[in-house]
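Structural overview
Residues per chain are reported as follows:
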Amino acid sequence: MSTENLPQSPEQQPPRKPRVAVVFGGRSSEHGISMVTAGAVLRAIDRTKYDVLPIGITREGRWVLTADEPERMAITERRTPDVEELAESSEGGVILPVDPANREVVYSEPGSVPKALGEVDVVFPMLHGPYGEDGTLQGLLELSGVPYVGSGVLASAVGQDKEYMKRVFTSFGLPVGPYVVIRPREWELDESTARKKIIDFAGEHGWPLFVKPARAGSSIGITKVDDLSGLDEAIAAARQHDPKFLVEALLRGREIECGVLEFEDGPRASVPAEIPPVQSHDYYDFEAKYIDSTPGLVPAPLTPEQTAEVRRLAVEAFDAASCEGLVRADFFLIEDGTFVINEINTMPGFTPISMYPKMWEATGVPYPELVDRLIQAALRRPTGLR
């Protein structure tokens with residue numbers, strides 16, 4: 001008797017493919033760039049190896065099922081996309097598990113019976129900025145017991161807050177540039193004293209200065225201030241994105257970036273890249289990065305000694321902040337020939353023109369393999385204390 005049409009026993013059934021939830025959008029000012037990044041990742045994930053569940057977070061914080069259509073997640077006519085445009089429902093919402101013993105995601109709409117969407121094996125959080133890249137989502141996933149790509153709660157929080165990032169680097173002996181921090185209470189209690197603190201800093205280090213939100217990315221809210229007349233406007237621009245802001249001295253030198261990726265035997269650094277001076281922009285701002293797609297130089301034209309040094313410093317920064325998975329480390333090669341670390345980015349851009357994947361491609365890890373390595377690293381790593 002033929003057994004061809006009989007149901008297979010559990011032992012005979014092929015193993016289930018790992019299910020990857022790609023989460024993007026979010027409540028930060030980097031909502032649109034997060035979607036562009038996620039679109040590139042969705043295109044690159046090997047669908048023969050993984051099942052994929054796209055989940056968007058609206059600007060108001062609602063979790064929604066979205067169409068798996070990465071071609072719609074691109075910058076068009078100088079405009080970034082929005083999660084609401086891809087949401088399958090204007091009212092339904094996605095609910096993550098809160099029980100570490102249950103990884104099943106549920107979809108619910110008003111007036112309907114909640115629908116189980118199946119278990120999620122790993123989350124790929126393609127969120128940039130607050131409410132996603134800063135440890136908040138990572139904490140939720142730790143509570144849920146769901147593995148995820150990238151750094152944990154502490155490293156994500158440190159990587160998001162430029163003040164504490166610099167404090168950590170300094171404590172580990174990594175060189176950082178001069179800066180001053182204005183906290184919300186300082187500004188709200190006595191603006192004149194806080195402003196004098198900045199003016200005294202300018203007197204010591206000179207103009208121009210850079211005014212930045214403390215916990216934002218993608219160069220959003222940053223202003224180069226050439227003299228005192230532009231200071232108040234720059235502070236207002238930064239405080240639109242974060243009530244805490246930094247003022248940094250101008251470092252004259254070359255902008256060098258380096259990627260770090262977690263391999264089975266530990267973190268390794270990519271070949272570095274250089275961001276050349278942007279002729280049509282005063283500095284490497286949001287428009288230069290994402291709208292005008294200013295190209296970087298990969299690999300950076302450095303000496304072998306300089307290349308080895310920046311790669312060493314990038315891995316040191318990764319370890320100093322207790323990072324996992326990936327990091328893009330940004331440096332200045334200043335006029336005396338030394339490197340100064342500007343910042344790390346624990347979830348760097350993965351857009352088609354982003355430097356992180358370009359650096360790894362030049363190092364011998366093409367984009368699809370890079371995405372696969374990040375997912376595999378997350379699947380190997382347990383949640384909880386480690």
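Report follows, based on the coordinates. Starting afresh in each chain, residues are numbered from 1 along the sequence in its written order. Local features in this predicted model are restricted to residues of pLDDT 70 or higher, and side-chain atom pairs are both shown and tallied only at a pLDDT of 80 or more, whereas totals for entire chains, interfaces and linings draw on every residue. Note: side-chain values were computed over all heavy atoms of the structure, leaving out hydrogens and water.

Empty pockets left among the atoms are what a rolling probe the size of a water molecule brings to light. A cavity, in this analysis, means grid points on a 1 Å lattice covering only the protein atoms where a 1.4 Å probe fits yet has no way out; a pocket is instead an open set bounded by protein on both sides within 12 Å along at least five of seven lines, and a residue lines either one if it has an atom within 4 Å of a point. Grid points are joined across faces, edges and corners, and a volume is the space filled by probe spheres set on the points. The full count for this structure, using the stated rule, is 2 cavities of 30 Å³ or more. Of the pockets and cavities examined, the largest cavity occupies roughly 60 Å³. Forming the boundary of the largest cavity are Pro-125, Leu-127, Gly-132, Glu-133, Gln-138, Val-149, Gly-150, Ser-151, Ser-156, Thr-346 and Met-347. Looking at the lining of the largest cavity residue by residue, the class counts come to 4 nonpolar, 6 polar and 1 charged. Residue polarity is assigned by list, with Asp, Glu, Lys and Arg as charged and Ala, Val, Leu, Ile, Met, Phe, Trp, Tyr, Cys and Pro as nonpolar; anything else, Gly included, falls into the polar class.

Only residues whose relative accessible area exceeds 30% and that take part in no salt bridge are eligible for patches, with like-charged residues grouped when within 9 Å of each other and nonpolar side chains (Val, Leu, Ile, Met, Phe, Trp, Tyr) grouped when within 5 Å. Areas reported here follow the Shrake-Rupley algorithm with a probe of radius 1.4 Å; residue values treat only the protein chains shown as occluding. When a carboxyl oxygen of Asp or Glu lies within 4 Å of a side-chain nitrogen of Lys or Arg, that pair is called a salt bridge. On the surface, a nonpolar cluster with roughly 250 Å² of combined accessible area is contributed by Ile-199, Trp-207 and Leu-228. On the secondary structure map, Leu-228 appears in the loop between strand 10 (223-225) and helix 7 (231-239). By relative accessible area, Leu-228 is classed as partly exposed at 46%. Only DSSP runs of H or I covering at least 4 residues are called helices, and only runs of E covering at least 2 are called strands; the numbering of each starts at the N terminus. Exposure classes here rest on a 1.4 Å probe applied to the protein chains alone. A residue is buried below 20% of its type maximum, exposed above 50%, and partly exposed in between.

For the purposes of this section, nonpolar cores are sets of buried Ala, Val, Leu, Ile, Met, Phe, Trp, Tyr and Cys residues that join through side-chain atoms within 4.5 Å. Among the nonpolar cores identified, the biggest contains 35 residues, and Val-22, Ile-45, Phe-124, Met-126 and Phe-350 are the most heavily contacted of them. We call two residues contacting when some pair of their heavy atoms lies within 4.5 Å. Leaving out residues up to four positions away in the same chain, Phe-124 has contacts with Val-20, Ala-21, Val-22, Val-23, Val-41, Val-149, Val-371, Leu-374 and Ile-375. Among the nonpolar cores identified, the runner-up in size contains 28 residues, and Met-165, Phe-169, Cys-258 and Val-310 belong to it.

A few words now on the sheet that holds strand 8 (residues 179-182). For two strands to count as paired, DSSP must find a minimum of two bridges between them. Strand order in the open sheet formed by 4 strands is 8-11-9-10, and the pairing between neighbours is antiparallel. Edge positions in the open sheet fall to strand 8 and strand 10, since each of these has one partner strand only. Taken over all neighbouring pairs, the strand axes of this sheet differ in orientation by 25° on average, direction set aside. Across 4 bridges, strand 8 lies against strand 11 (residues 245-249) in antiparallel orientation. Bridging across to strand 11, Ile-182 finds its partner in Phe-245. For helices, the fitted axis covers only the stretch in contact; all axes are lines through C-alpha atoms, and the angles between them, taken along N-to-C directions, range from 0 to 180 degrees.

The sheet built from 4 strands is open, its strands ordered 3-2-1-7 with mixed pairing. For this open sheet the edge positions go to strand 3 (63-65) and strand 7 (122-125), each flanked by a neighbour on one side alone. The mean inter-strand angle of the sheet, taken between neighbouring strand axes irrespective of direction, is 30°. Looking at chain direction, strand 2 (residues 51-57) and strand 3 are connected through 3 bridges and run antiparallel. Note that in strand 3 the partner of Gly-56 across the bridge is Val-64.

Two faces make up the sheet, and in a regular strand the side chains alternate between them. Among the 7 residues that make up strand 1 (residues 19-25), 7 are buried, leaving the element largely enclosed by the rest of the structure. By the bridge criterion, 7 bridges tie strand 1 to strand 2 in an arrangement that is parallel. Within the sheet, the bridge partner assigned to Phe-24 lies in strand 2 and is Gly-56. What joins strand 1 to strand 2 is helix 1 (residues 31-44), and the crossover it makes is right-handed. Both strand 1 and strand 7 contribute to a ladder of 4 bridges, which runs parallel. Note that in strand 7 the partner of Ala-21 across the bridge is Val-123. The definition of a right-handed crossover adopted here requires that, viewed with the strands pointing away, the path from the first strand over the helix to the second runs clockwise.

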